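Letter by letter, the chains look like this.
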Amino acid sequence: MAEGRVAAAASAKREALLTTAAELFSRQGYRAVGIDTLLAEAGVAKMTLYKQFGSKEELIAAVLERIAGEISSGLSARLAATPAGSPERILAVFDWLADWVRSPTFHGCLFIKAAGEYPEAGDRPRQAAEAFKAGCRELLEGLCSDLGVSEPAHLARQLHLLMEGALVLAFLERDPRAASDARDAAAVLIAAAQAPSP
């Protein structure tokens, strides 16, 4: 019984750290948020951070992995509502993107920020960011393969470029229309890839 309470308390503290860290990192960036500020906002002791994560960098990686899981769940729900093997499945990804950049919690892409603030290949935040972006590209390639186009990897890279560009511009210009414009461009690319060869 006591062990269960201890485990539940530890889990609650871990969740508090992850939630608070995600909010602070999103608004202020990673390096700008000091450990003391993070702990004070989360209401946990320094020992909890190091016991749960080992370091600030591992906490950042855990935040990114958690967000990646949430994004994956959201995208899966969108895709499940669209016909398999149709362009609408790819456009549903862009619809999800448009909703994300319009949300009041969008302060730029935390994965891009992580890669910018942690430039070394061995940095855990960068590794988590790279893994997520690679997963996005793989998702797009799978969706493009389902369309039966001749070069699905090429189309997926083009679509991925549109998504990343939309994320940057939506944040930089504070204008969510970048995602809608990216969706329009994606529709053109998909139609061109599906067009029969002359």
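The rules behind the values
- Residues numbered from 1 in each chain as written.
- Predicted model: local features only at pLDDT ≥ 70, side-chain atom pairs only at ≥ 80, totals over all residues.
- Heavy atoms only, no water.
- Helix = DSSP H or I, 4+ residues; strand = E, 2+ residues; numbered from the N terminus.
- Contact = heavy atoms within 4.5 Å.
- Polar contact = N/O pair within 3.5 Å; in protein donor to acceptor, adjacent residues only side chain to side chain.
- Buried < 20%, exposed > 50% of the residue type's maximum accessible area, 1.4 Å probe, protein only.
- Phe/Tyr/Trp six-rings, centres within 6.5 Å; stacked < 30°, edge-to-face > 60°.
- Arc of directions from axis to C-beta.
- Core = buried A, V, L, I, M, F, W, Y, C linked by side-chain atoms within 4.5 Å.

1. Looking at the environment of K56
Okay, step 1: Within the element layout of this structure, K56 appears in helix α4 (residues 56-80).
Okay, step 2: A sequence separation of 25 residues divides K56 from R31, and the C-alpha atoms of the two residues are 9.6 Å apart.
Okay, step 3: Beyond its immediate sequence surroundings of up to four residues, K56 is in contact with F25, Y30, R31, V33 and I35.
Okay, step 4: For K56, the side chain forms a polar contact with the main-chain oxygen of Y30, separated by 2.7 Å.
Okay, step 5: A polar contact of 2.6 Å, which involves the side chain of K56, links it to the backbone oxygen of V33.

2. Describing the environment of W96
Okay, step 1: Tracing the sequence through the fold places W96 in helix α5 (residues 87-102).
Okay, step 2: When its relative accessible area of 13% is taken as the criterion, W96 is described as buried.
Okay, step 3: Considering only alpha carbons, one finds W96 and S73, 23 residues apart in sequence, at a separation of 11 Å.
Okay, step 4: Leaving out residues up to four positions away in the same chain, W96 has contacts with I71, G74, L75 and R78.

3. Some details on the packing of aromatic side chains
Aromatic rings in a pair are described by how distant their centres are and how their planes are angled relative to each other.
Okay, step 1: A complete count under the given rule lists five aromatic pairs for this structure.
Okay, step 2: Ring plane angle 50 degrees and centroid distance 5.0 Å describe the contact between F25 and Y30, whose orientation is recorded as tilted. Residues F25 and Y30 agree in their burial class; the two are buried.
Okay, step 3: An angle of 70 degrees between the planes, with centres 6.3 Å apart, marks the rings of Y30 and Y118 as edge-to-face. In this pair, Y30 is assigned in the loop between α1 (2-28) and α2 (35-42) and Y118 in the loop between α6 (110-117) and α7 (124-147), connecting sequence segments 88 residues apart. Taken as a pair, Y30 and Y118 share a single burial class, namely buried.

4. Concerning unusual backbone geometry
Okay, step 1: A positive phi angle, close to 55 degrees, is found at R174, a residue other than glycine.
Okay, step 2: Relative to the assigned elements, R174 resides in the loop between α8 (152-172) and α9 (177-194).

5. Structural notes on α6
Okay, step 1: Taken together, the buried positions of α6 are occupied by L110, F111, K113 and A114. With its buried residues spanning 160 degrees around the axis, α6 presents them on a single face.

6. Focus: the nonpolar core
Okay, step 1: In terms of nonpolar packing, the biggest core is built from 63 residues, with F25, L97, F111 and L159 touching the most fellow members.
Okay, step 2: At the level of secondary structure, the elements contributing two or more residues to this core comprise α1, α2, α4, α5, α6, α7, α8 and α9.
Okay, step 3: Per-element accounting of this core gives the leading share, 11 residues, to α4.
Okay, step 4: Ignoring anything within four residues of it in the chain, the contact list for L159 reads I90, F94, L140, C144, A186, L189 and I190.

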